[in-house]
Amino acid sequence: MALLQISEPGLSAAPHQHRLAVGIDLGTTNSLVATVRNGISLVLNDEDGRALLPSVVRYTMDGAVQVGADAQAVQSEDPVNTIVSVKRFMGRGLADVGDVTNLPYRFVDAASTGSGQAPGMLQLRTIAGIKSPVEVSAEILNALRIRAEQSLAGELVGAVITVPAYFDDAQRQATKDAAKLAGLNVLRLLNEPTAAAIAYGLDNASEGLYAVYDLGGGTFDISILKLSKGVFEVLATNGDSALGGDDFDHRIYCWLLEKNHLSALGAHDTRLLLTRARAAKEELTDRTETRITAVLSKGEMIDAELTQQDFYAMSQNLVARTLQPMRRALRDAGLSVEEIKGVVMVGGSTRMPQVQRAVAEFFKQMPLTNLDPDKVVALGAAIQANVLAGNRSADEWLLLDVSPLSLGIETMGGLTEKIIPRNSTIPTARAQEFTTFKDGQTAMSVHVVQGERELVSDCRSLARFELRGIPPMVAGSARIRVTYQIDADGLLSVSAREQSSGVEAHIVVKPSYGLSDAEVARMLQDSNLHARDDMQARALREQQVEANQLLEAVNNALEQDGDVLLSQKEQGRIRVGMDALRTTLQGADHLAIKRAVSQLNDATVAFAQARMDKSVSHALTGHNISELDH
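All residue numbers here refer to positions counted from 1 along the written sequence of the relevant chain. Predicted model: local features are reported for residues with pLDDT of at least 70 only, side-chain atom pairs are reported and counted for 80 or more only, and whole-chain, interface and lining totals are derived from all residues. Side-chain measures here rest on the full set of heavy atoms in the structure, leaving out hydrogens and waters.

A.B. asks: Looking at this structure, how should I read the overall build of the chain?
C.D. replies: Along the backbone of the chain there are 18 helices and 28 strands. In this scheme, a residue with accessible area under 20% of its type's maximum is buried, one over 50% is exposed, and one in between is partly exposed, where area comes from a 1.4 Å probe on protein chains only. Relative to its full complement of 630 residues, the chain shows a buried share of 53%. A contact between two residues is defined here by any heavy atoms of the two lying within 4.5 Å. Relative to all contacts within the chain whose residues are 6 or more apart in sequence, the contacts with residues 24 or more apart total 67%. Per-residue and other accessible areas follow the Shrake-Rupley method at a 1.4 Å probe size, with only the shown protein chains counted as cover for residues. As displayed, the chain offers around 28,300 Å² of accessible surface, 49% of which is attributable to carbon and sulfur atoms. Working definition: helices are DSSP H or I runs of at least four residues, strands are E runs of at least two. Numbering for both runs from the N terminus.

A.B. asks: Where do I start with the sheet that holds strand S20 (residues 407–411) in this structure?
C.D. replies: Strand pairing in a sheet is mediated by backbone hydrogen bonds. Such pairs are either parallel or antiparallel. Here we have 4 strands laid out as an open sheet, ordered S21-S20-S24-S25, and antiparallel in their pairing. The two strands at the open ends of the sheet, each matched to only one other strand, are strand S21 (415–420) and strand S25 (460–468). Neighbouring strand axes in the sheet, compared pairwise and without regard to direction, differ in orientation by 30° on average. Here, strands pair whenever DSSP counts at least two bridges between them. Across 8 bridges, strand S24 (residues 443–450) lies against S25 in antiparallel orientation. If you follow Val 446 over to S25, its bridge partner there is Phe 465. Note on method: axes are straight lines fitted to C-alpha atoms, helices fitted across the in-contact stretch only, with angles between N-to-C directions ranging 0 to 180 degrees.

A.B. asks: Honestly, the side chain of Arg 278 in this entry has me stumped. Any pointers?
C.D. replies: Mapping Arg 278 onto the fold places it in helix H7 (residues 267–283). We classify Arg 278 as buried; its relative accessible area is 16%.

A.B. asks: What is the right way to look at the sheet that holds strand S6 (residues 65–67) in this model?
C.D. replies: Here 3 strands make up an open sheet; going across it, the order is S6-S5-S7 and the pairing antiparallel. Only two strands of the sheet have a single neighbouring strand rather than two, namely S6 and strand S7 (82–84). Ignoring which end each strand starts from, the neighbouring axes of this sheet average 15° apart. Bridge count between strand S5 (residues 56–59) and S7: 3 bridges; the pairing is antiparallel. The residue bridging Val 56 from the neighbouring strand is Val 84, located in S7. Contacting S5, S6 and S7, helix H3 (residues 133–152) crosses the sheet at an angle of about 110° to S5.

A.B. asks: Looking at this structure, I do not really get the pattern of salt bridges. What am I missing?
C.D. replies: For salt bridges, the criterion is a side-chain nitrogen of Lys or Arg within 4 Å of an Asp or Glu carboxyl oxygen. Scanning the entire structure with this criterion turns up 23 salt bridges. As a salt-bridge pair, Arg 287 and Glu 283 come within 3.4 Å of each other at their nearest N and O atoms. Glu 466 is the salt-bridge partner of Arg 468, the closest N and O atoms lying 2.5 Å from each other. Judged by relative accessible area, which is 43%, Glu 466 ranks as partly exposed. The network of salt bridges with common partners includes Asp 246, Asp 249, Arg 278 and Lys 281.

Written as structure tokens, this is what we have:
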């Protein structure tokens with residue numbers, strides 16, 4: 001018997017009592033719910049014996065809502081009111097969606113609906129009214145909740161819901177909001193690759209270094225994990241939040257348009273061809289060729305034969321896009337391909353032969369396929385839910401996940417100072433001290449940013465808040481401690497405290513919508529492509545800040561003591577140095593600015609000494625030797 005059991009607050013199970021908790025994989029294409037029975041994790045089926053719930057929601061004129069297979073069956077007939085792949089819109093603004101010409105939906109801004117939500121929040125106009133991606137996702141989660149409660153014959157105490165490792169703060173918050181709407185208590189948000197590792201590691205008692213390759217319907221993640229005696233430590237994660245099975249479908253769709261000399265299609269025809277494209281993709285997993293047929297709304301007949309070879313050729317660059325994140329993840333973990341013991345495949349899109357072949361060639365070994373890639377994430381989430389509900393001793397194994405992107409603060413000169421580097425183990429809290437820039441400064445603006453670049457302008461702004469009530473001091477005297485905290489769900493909160501007075505400000509970062517679909521991947525790519533440029537830009541900004549501080553200090557000193565301590569000739573020599581520094585500041589050569597700063601420092605050495613002597617003389621005036629000895 002374990003000496004220590006850990007559970008979420010209020011969820012401690014009484015002896016011989018099993019609390020009902022589930023793991024949910026809220027997927028782009030399909031969703032699943034799983035639980036632990038008699039110590040075994042298993043997926044719960046619907047009344048027809050189906051494990052997969054298609055992530056499709058249809059709104060009808062009579063107010064009814066269809067979810068799953070029923071909605072999927074009519075998606076081509078009613079594309080405007082049938083929402084597919086809604087996960088790609090979670091936490092996104094309308095401006096973030098990008099090219100929507102191939103999507104059949106009618107998008108609107110929340111600002112134009114009078115809903116009071118933040119401007120730019122994506123909305124979908126349906127026959128049942130305007131719906132947000134959070135509401136659509138809540139319908140999917142509600143269907144899974146009902147399935148679980150019927151299968152388990154009881155009320156759930158909570159659920160662990162999985163999210164892509166590259167979901168940002170806004171997307172994670174949107175997922176929690178959807179769960180709340182669906183009547184679910186979220187025990188934890190868990191990264192999908194980590195959930196897969198839990199399922200695989202515990203089922204196989206595996207130890208060593210493993211890569212989890214997760215290619216789903218809308219996102220791609222790669223995680224490097226170390227499994228050792230029940231400890232699941234995520235060493236590094238990377239990926240592409242704008243790459244998934246939907247993109248492979250779209251390649252076939254574009255091929256059909258080109259082959260049949262068609263231009264932009266209406267919503268009905270677009271959804272019809274995308275549906276046919278997905279079916280063709282799945283058939284080519286086991287067949288060398290397939291035929292795609294469809295009759296468009298204007299009577300055009302589509303009849304095309306697609307071979308496996310042609311499909312491989314048109315999707316080759318999509319597969320190649322997964323290789324660079326794999327290289328970065330290995331580099332961040334400090335590992336080589338040869339050190340990886342096994343590769344776990346996650347997500348239905350990994351069934352494509354060209355994907356499996358590319359992974360095998362990269363890692364120089366065949367990927368592990370003894371667990372269903374569609375189910376493995378839900379199974380791992382169920383195991384975690386069982387622990388958090390208090391049904392299993394948490395000291396049997398330990399989960400150490402990571403934050404995928406760096407979090408930092410803006411400092412003088414528009415520079416990013418990283419507080420929590422990417423791939424830091426979560427939950428975590430890190431603090432750093434900063435100070436004031438000007439004499440008498442009583443407030444400080446804290447700008448929270450996310451990204452890997454050196455300049456704030458190249459990173460993503462997450463939140464701003466102000467710390468007020470700082471006691472007026474000389475510049476550089478205040479000690480302001482800024483603390484960043486990431487919880488187990490990957491959500492961020494930031495606080496700032498002035499140490500001498502105790503004044504404090506705090507913010508929970510909940511942006512109205514988060515990073516655009518391509519921005520997360522772009523951040524890491526840019527950090528590598530522009531590393532040298534960033535170093536030069538940072539050096540320039542730092543020299544500019546130092547130069548401006550020196551100019552201000554020398555100018556103040558001249559105004560106070562210049563006429564008293566210096567001759568006109570001496571003042572003139574210093575002002576020439578100041579003018580030279582100001583001129584150099586107009587350029588972009590940080591080394592030239594550094595030289596000009598050094599020259600001005602040299603020109604003011606005697607002046608600084610004279611001011612020091614004056615201060616000492618003033619301090620000694622009116623005192624005798626005995627007082628100084630005392």
